[in-house]
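Below, each chain spelled out in residue letters.
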Amino acid sequence: MEAYHDGRPSADEVYLRICRVVAERSTCLRRHLGAVIVKDGQITGIGINGAPKGLSPCASVGCIREIQGIASGTQIEICRGIHAEQNAILQAGLAGSQGAVLYTNGFPCEVCAKLCIQAEIARVVASGDYPDRRGLDLLFQAGIEVVILPPLEEVR
């Protein structure tokens, strides 16, 4: 990264510094990461890695990846937390999802449930099933209303 001719840091360097500061708020036991989204010179989203909103941080409940000896960067779907980049993307788009209802013809997997929590989805209406019920457990823990309806007739 190059500094401007007047000695000021470049925009890239400034935003990466912000990432480092933001990462200090991370609740992950393994790595503290931050992310910043900038559009037209304005910050539109900031995120850290850690447990979804309203759920206990890993420091309170333990890190399943650590317990199971899972290497960094592998089997990320097992992690209780959400990545900093995901949080930043969600924050940038939060205005369109905050308080909204998500409809699905299954029900959210664990990863999608965490995204629903971060996006502040207020209600999930599902029809059908999904083999892994951990996503539902997270939605219930976060206090999101979940309605499960019988599968609808298939649309042709």
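Details of the structure are given in the entry above.
Keep in mind that what you see is a predicted model, and the values were worked out from it rather than measured. (Residues numbered from 1 in each chain as written. Predicted model: local features only at pLDDT ≥ 70, side-chain atom pairs only at ≥ 80, totals over all residues. Heavy atoms only, no water.)

### Here we look at helix H6 (residues 134–141)
Among all positions in H6, only Gly135, Leu136, Leu138 and Leu139 are buried. Projected onto a plane normal to the axis of H6, the buried residues spread over an arc of 160° and lie on a single side. Elements in contact with the buried residues of H6: helix H5 (110–118), strand S4 (123–127) and strand S5 (145–149). Phi for Gly143, located one or two positions after H6, is positive at around 80°. (Buried < 20%, exposed > 50% of the residue type's maximum accessible area, 1.4 Å probe, protein only. Helix = DSSP H or I, 4+ residues; strand = E, 2+ residues; numbered from the N terminus. Arc of directions from axis to C-beta. Contact = heavy atoms within 4.5 Å.)

### Focus on the pairing of S5
Pairing between S4 and S5: five bridges, direction parallel. Among the inter-strand pairings, Ala126 is bridged to a residue of S5, identified as Ile148. With respect to chirality, the unit in which S4 leads through H6 into the neighbouring parallel S5 is right-handed. (Pairing = 2+ DSSP bridges. Right-handed = clockwise from strand over helix to strand, strands pointing away.)

### Thoughts on the nonpolar core
Grouped together as the largest cluster of nonpolar side chains are 15 residues, with contacts concentrated most on Ile117, Ile121, Val124, Leu136, Leu138, Leu139 and Ile144. The set of elements that each furnish at least two residues to this core consists of H5, S4 and H6. (Core = buried A, V, L, I, M, F, W, Y, C linked by side-chain atoms within 4.5 Å.)

### Concerning helix H4 (residues 84–93)
Every buried residue of H4 is accounted for by Ala84, Asn87, Ala88 and Leu90. The buried residues of H4 occupy an angular sector of 165° when projected down its axis, which confines them to one face. In this structure, the buried side of H4 is in contact with strand S1 (34–39), strand S2 (42–48) and H5.

### Some details on the side chain of Glu110
Positionally, Glu110 belongs in helix H5. In this structure, Glu110 is in contact with Glu77, Cys79, Arg134, Gly135 and Leu138, ignoring residues within four places of it in sequence.

### Notes on the environment of Ala23
Topologically, Ala23 is positioned in helix H1 (residues 11–23). The class for Ala23 is buried, based on a relative accessible area of 7%. Sequence separation of Ala23 and Ala35 is twelve residues, and the distance between their C-alpha atoms is 7.7 Å. With residues up to four places along the chain from it excluded, the contact list for Ala23 reads His32, Leu33, Gly34 and Ile48.

### Things to note about the pattern of salt bridges
This structure, assessed with the given rule, holds seven salt bridges. The residue Glu145 makes a salt bridge to Arg123 at a minimum N-O spacing of 3.3 Å. One end of the pair, Glu145, is in strand S5; the other, Arg123, is in strand S4, with 22 residues separating them in the sequence. Among the charged side chains, a salt-bridge network with shared partners connects Glu110, Asp132 and Arg134. (Salt bridge = Lys/Arg side-chain N within 4 Å of Asp/Glu carboxyl O.)

### Thoughts on the sheet that holds S5
Read across the sheet, three strands follow the order S3-S4-S5 without closing on themselves; strand pairing throughout is parallel. The strands lining the two open edges of the sheet, one partner per strand, are strand S3 (101–104) and S5. Between one strand axis and the next, the sheet turns through 15° on average, direction left out of account. (Axes fitted to C-alpha atoms, helices over the stretch in contact; angles between N-to-C directions.)

### A word on the state of the cysteines
Inspection of the entire model under this criterion finds zero disulfides. No disulfide involves Cys19; its nearest neighbouring cysteine sulfur is the one of Cys28, lying 16 Å away. Cysteine Cys109 shares no disulfide, and the gap to the nearest cysteine sulfur, in Cys112, comes to 3.7 Å. (Disulfide = S-S within 2.5 Å.)

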